[in-house]
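Spelled out, the chains give:
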Amino acid sequence: MKKADRIRKMKVPKANEKYGDRLPPGQVLTERFPILHEGDVPTYDMTTWDLKVFGNVASEFSLSYDELLALPQKKVTCDIHCVTRWSRFDNTFEGVLMKDFIKELDIKPESNHVMLHGDHNYTTNIHLTDLLDDHVMLAHSIDGEQLTAKHGWPLRLVVPHLYFWKSIKWIRGIEFIEADSPGFWEQNGFHNHADPFKEERFSGEDLGIPEDEWEKKDFD
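Residues numbered from 1 in each chain as written. Predicted model: local features only at pLDDT ≥ 70, side-chain atom pairs only at ≥ 80, totals over all residues. Heavy atoms only, no water.

### Observations concerning the nonpolar core
The condition that has to hold: Buried Ala, Val, Leu, Ile, Met, Phe, Trp, Tyr and Cys residues form a nonpolar core when they are joined through side-chain atoms within 4.5 Å. Using a 1.4 Å probe on the protein chains alone, a residue whose accessible area is under 20% of its type maximum counts as buried, one over 50% counts as exposed, and one in between counts as partly exposed. Contacts are assigned to residue pairs with any non-hydrogen atoms lying within 4.5 Å of each other.
Judged by nonpolar contacts, the single largest core of 52 residues is most densely connected at Leu138, Leu157, Ile174 and Phe176. Leaving out residues up to four positions away in the same chain, Leu157 has contacts with Met98, Leu116, Leu131, Val136, Met137, Leu138, Lys166, Ser167, Ile168 and Ile171.

### Re the pairing of strand S6 (residues 113-118)
Basically, it comes down to this: Numbering of helices and strands starts at the N terminus; helices are DSSP runs of H or I of at least 4 residues and strands are runs of E of at least 2. Criterion used throughout: strands pair if DSSP finds at least two bridges between them.
Counted residue by residue, S6 has 5 buried out of 6 residues, so it is predominantly covered. Relative to strand S7 (residues 122-127), S6 runs antiparallel, the two sharing 6 bridges. What sits directly across from Gly118, in S7, is Tyr122. Where S6 folds back onto S7 in an antiparallel hairpin, the turn is made up of 3 residues, including His120, whose phi is positive at roughly 65°. For S6 and strand S11 (residues 171-177), the ladder comprises 6 bridges, and the chain directions are antiparallel. In the sheet register, Val114 faces S11, and the bridge partner there is Phe176.

### Considering the packing of aromatic side chains
To keep things clear, this is the line we draw: Under the pairing criterion, centres of Phe, Tyr and Trp rings, with the six-membered ring standing for Trp, must be within 6.5 Å; the plane angle then separates stacked pairs below 30 degrees from edge-to-face pairs above 60, leaving the rest tilted. Only when the NZ atom of a Lys or the CZ atom of an Arg is both within 6 Å of the ring centre and within 35 degrees of the ring normal do we say a charge sits over the ring.
Evaluated as defined, the whole model comprises 11 aromatic pairs. Ring centres of Tyr163 and Trp165 lie 6.0 Å apart, and the angle between their planes is 15°; this geometry places the pair in the stacked category. The exposure class assigned to Tyr163 is buried, which follows from its relative accessible area of 0%. Plain terms: the ring middles of Phe184 and Trp185 are 4.7 Å apart, the flat faces sit at 75° to each other, and that makes the pair edge-to-face. Of the residues examined, Trp185 reaches a relative accessible area of 9% and is grouped as buried. Put simply, the rings of Tyr122, Tyr163, Trp165, Phe184, Trp185, Phe190 and Phe202 pair up and form one aromatic cluster. Taking NZ or CZ as reference, Arg22 lies 4.1 Å from the ring centre of Phe89, over its face.

### Some thoughts on the sheet that holds S11
Heads up, the condition is: Fitted lines through C-alpha atoms serve as axes, helices being fitted only where they are in contact, and the angles separating the N-to-C directions of these axes extend from 0 to 180 degrees.
Within the open sheet, the 5 strands sit side by side as S3-S2-S11-S6-S7. Their pairing is mixed. Lying at the two open borders of the sheet, with one neighbouring strand each, are strand S3 (61-64) and S7. Strand-to-strand twist in this sheet, taken as the mean axis angle between neighbours without regard to direction, amounts to 20°.

### As for unusual backbone geometry
In this model, Trp153 is joined to Pro154 through a cis peptide bond whose omega is 15°. Assignment of secondary structure puts Pro154 in the loop between strand S9 (145-146) and strand S10 (156-158). In this model, Glu199 sits at a positive phi of 50°, which is unusual for a non-glycine residue. Within the element layout of this structure, Glu199 appears in the segment after S11.

### Looking at the pattern of salt bridges
The criterion, for reference: Every case where a carboxyl oxygen of Asp or Glu lies within 4 Å of a side-chain nitrogen of Lys or Arg is listed as a salt bridge.
One pass over the full model with this rule turns up 12 salt bridges. Ionic pairing is found between Asp119 and Arg172, a salt bridge with its closest N-O pair at 3.2 Å. Taken as a pair, Asp119 in the loop between S6 and S7 and Arg172 in strand S11 lie far apart in primary sequence, 53 residues in all. Residue Asp119 is classed as partly exposed on the basis of its relative accessible area of 22%. Across the salt bridge formed by Glu199 and Arg201, the nearest N and O atoms sit 3.0 Å from each other. By relative accessible area, which is 23% here, Glu199 ends up partly exposed. A residue is classified by how much of its surface remains accessible, and Arg201, at 0% relative accessible area, is buried.

### Quick look at the confidence of the model for the protein
Quick reminder of the rule: By definition, pLDDT measures how confident the predictor is in each residue, and it falls between 0 and 100.
Of the residues in the protein, 84% reach a pLDDT of 70 or more, and the chain-wide mean stands at 89. Across residues 206-211, where pLDDT falls below 50, the model places 35 contacts with residues more than four positions away in sequence or in other chains.

### Details of the environment of Glu186
To keep it simple, the criterion reads: Here a polar contact is recorded for every N or O atom pair within 3.5 Å, except that within protein the pair must consist of a potential hydrogen donor and a potential acceptor, and residues adjacent in sequence are included only if both atoms are side-chain atoms.
The residue Glu186 is located in the segment after S11 in this model. What makes Glu186 buried here is its relative accessible area of 8%. Distance from Glu186 to Lys166, taken between C-alpha atoms, is 9.8 Å for residues 20 residues apart in sequence. Apart from residues no more than four positions distant in its own chain, Glu186 is found in contact with Thr123, Thr124, Asn125, Trp165, Lys166, His191 and Asn192. A distance of 3.1 Å separates a polar atom in the side chain of Glu186 from the backbone nitrogen of Gly183.

Next up, the structure:
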């Protein structure tokens with residue numbers, strides 16, 4: 001059974017007025033950080049690790065991890081929301097703001113879309129304007145600690161205003177493209193945009209989702 005179909009069958013939690021507009025509809029608040037991903041957790045030789053920037057840019061290039069850490073580092077405190085119905089408030093990520101990273105690039109004007117590439121051939125697509133949001137970050141740490149490997153170390157994207165599958169773990173490539181193209185989960189039943197406050201969970205009929213899917217997973 002596809003993940004999207006499995007999530008559709010989850011029990012939908014009742015709205016909690018305690019959190020007002022901060023908690024998106026259909027979400028459950030947790031202080032834990034569930035571990036969800038496809039494939040095995042990769043291991044790295046950091047002397048050869050790199051992040052590639054390619055596609056419709058004037059000059060393609062790669063950054064080593066040390067070069068990434070040498071860029072201006074910022075902290076962002078934000079809420080995150082997973083399509084499997086958990087939300088976690090007040091996470092402080094540290095890394096490089098995407099708006100700072102992108103402003104240094106010479107991107108061709110027709111390139112309004114980005115394909116993000118992670119290890120194990122994982123991809124997710126996002127509009128360029130979403131990457132320029134003030135809270136979007138290439139993150140290596142959370143709450144003062146280095147991200148664990150299961151949560152995306154050495155580097156993950158954090159896009160807090162979209163469902164968390166857009167916040168790609170183990171990111172290795174940023175590809176600027178002209179036409180939108182669906183990534184891995186977007187080809188497997190999930191919404192192309194993924195706004196949690198609009199419940200943009202699925203690409204097809206938006207059926208109910210149980211709240212306990214994430215509770216069956218590991219936590220860090």
